[in-house]
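The primary structure of each chain is shown beneath.
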Amino acid sequence: MHAYTQESQLDAFLKLEDYYHAIKEREPNNAPVHCACAELFSRICCRQSSAIGLCQGLLEHAIRLDGLNAKYYCELGHVFVLNGQYQSAIKMFKESSKK
């Protein structure tokens, strides 16, 4: 059994960051991959602001690539909720309902 420590938390974030950069480099025009990775990261990040920032970056890029996909806006709203940015979340949820 692995004990949860600050060190393991930092190690996990560094791995997520490496993965984030690999996606940005290898799949720069693949909006569904950006969204899928952001979904995964947001579910395992334990509300760490640094990891949530990675999720936000991936989703914002996905929206730039495909601004008509409601799922991307909804996921970004979820990320804003995790980060305590409720007004931004509401804005994204409303935007997703228009798509």
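Above this text you will find the structure in question.
Scoring rules and cut-offs
Residues numbered from 1 in each chain as written. Predicted model: local features only at pLDDT ≥ 70, side-chain atom pairs only at ≥ 80, totals over all residues. Heavy atoms only, no water. Helix = DSSP H or I, 4+ residues; strand = E, 2+ residues; numbered from the N terminus. Buried < 20%, exposed > 50% of the residue type's maximum accessible area, 1.4 Å probe, protein only. Contact = heavy atoms within 4.5 Å. Areas by Shrake-Rupley, 256 points an atom, 1.4 Å probe, with all protein chains shown as cover. Lys, Arg positive; Asp, Glu negative; His and termini not counted. Charge placed at Lys NZ, Arg CZ, Asp CG, Glu CD. Axes fitted to C-alpha atoms, helices over the stretch in contact; angles between N-to-C directions. Parallel < 35°, antiparallel > 145°, perpendicular 65-115°, else oblique. Left-handed = near helix turned anticlockwise from the far one by under 90°. Nonpolar A, V, L, I, M, F, W, Y, C, P; charged D, E, K, R; others polar. Salt bridge = Lys/Arg side-chain N within 4 Å of Asp/Glu carboxyl O.

A. How the structure looks around the overall build of the protein. Secondary structure summary: the protein contains five helices and zero strands in total. Sequence-ordered secondary structure for the protein, helices as α and strands as β, is α-α-α-α-α. Counting only C-alpha atoms, the protein reaches 45 × 30 × 20 Å along its principal axes. Expressed as a percentage of the 99 residues in the protein, the buried residues total 37%. For the protein, the share of sequence-separated contacts (at least 6 apart) that also reach a separation of at least 24 residues comes to 53%. About 6,100 Å² of surface is accessible on the protein, with carbon and sulfur atoms providing 55% of the total. Of the side chains in the protein, 11 bear a positive and 11 a negative charge, and the two mean positions are spaced by 9 Å.

B. Representation of the environment of Ala51. Here Ala51 lies in helix α3 (residues 49-65). Through-space distance from the C-alpha of Ala51 to that of Gln87 is 20 Å; in sequence the pair is 36 residues apart. Among residues more than four places away in sequence, those in contact with Ala51 are Phe13, Leu16 and Cys45.

C. Expanded view of the packing of α3 against helix α4 (residues 70-82). Following both chains from N to C, one finds α3 and α4 inclined at 160°, their axes separated by 9 Å at the closest point. Put simply, α3 runs roughly antiparallel to α4. Read as a crossing pair, α3 and α4 show a hand that is left-handed. Two secondary-structure elements touch here, α3 through Ile52, Cys55, Gln56, Leu59, Glu60, Ala62 and Ile63 and α4 through Tyr72, Tyr73, Glu75, Leu76, Val79, Phe80 and Leu82. Residue composition of the contact of α3 with α4, by class: eleven nonpolar, one polar and two charged.

D. Layout of the pattern of salt bridges. Evaluated as defined, the whole model comprises four salt bridges. Between Asp11 and Lys15 there is a salt bridge, with its nearest N and O atoms 3.6 Å apart. Remark: Lys15 and Asp11 occur in helix α1 (residues 6-26); sequence separation between them is four residues, near one turn of the helix. With a relative accessible area of 38%, Asp11 lands in the partly exposed category. Lys15 sits in the exposed class, given a relative accessible area of 53%. Its salt-bridge partner being Lys99, residue Glu95 comes within 3.1 Å of it at the nearest N-O pair. Under the relative-accessibility criterion, Glu95 is labelled partly exposed at 24%.

E. The arrangement of the packing of α4 against helix α5 (residues 86-97) in detail. Running from amino to carboxyl end, α4 crosses α5 at an angle of 165°, the nearest separation of the two axes being 8 Å. Viewed along their axes, α4 and α5 adopt a mutual orientation that is roughly antiparallel. In this structure, the crossing between α4 and α5 has a hand that is left-handed. Residue-level contacts link Ala70, Tyr73, Cys74, Leu76, Gly77, His78, Phe80 and Val81 of α4 to Tyr86, Ser88, Ala89, Met92, Phe93, Glu95 and Ser96 of α5. For the contact of α4 with α5, a count of residues per class yields ten nonpolar, four polar and one charged.

None of this, on its own, says anything about what the molecule does.
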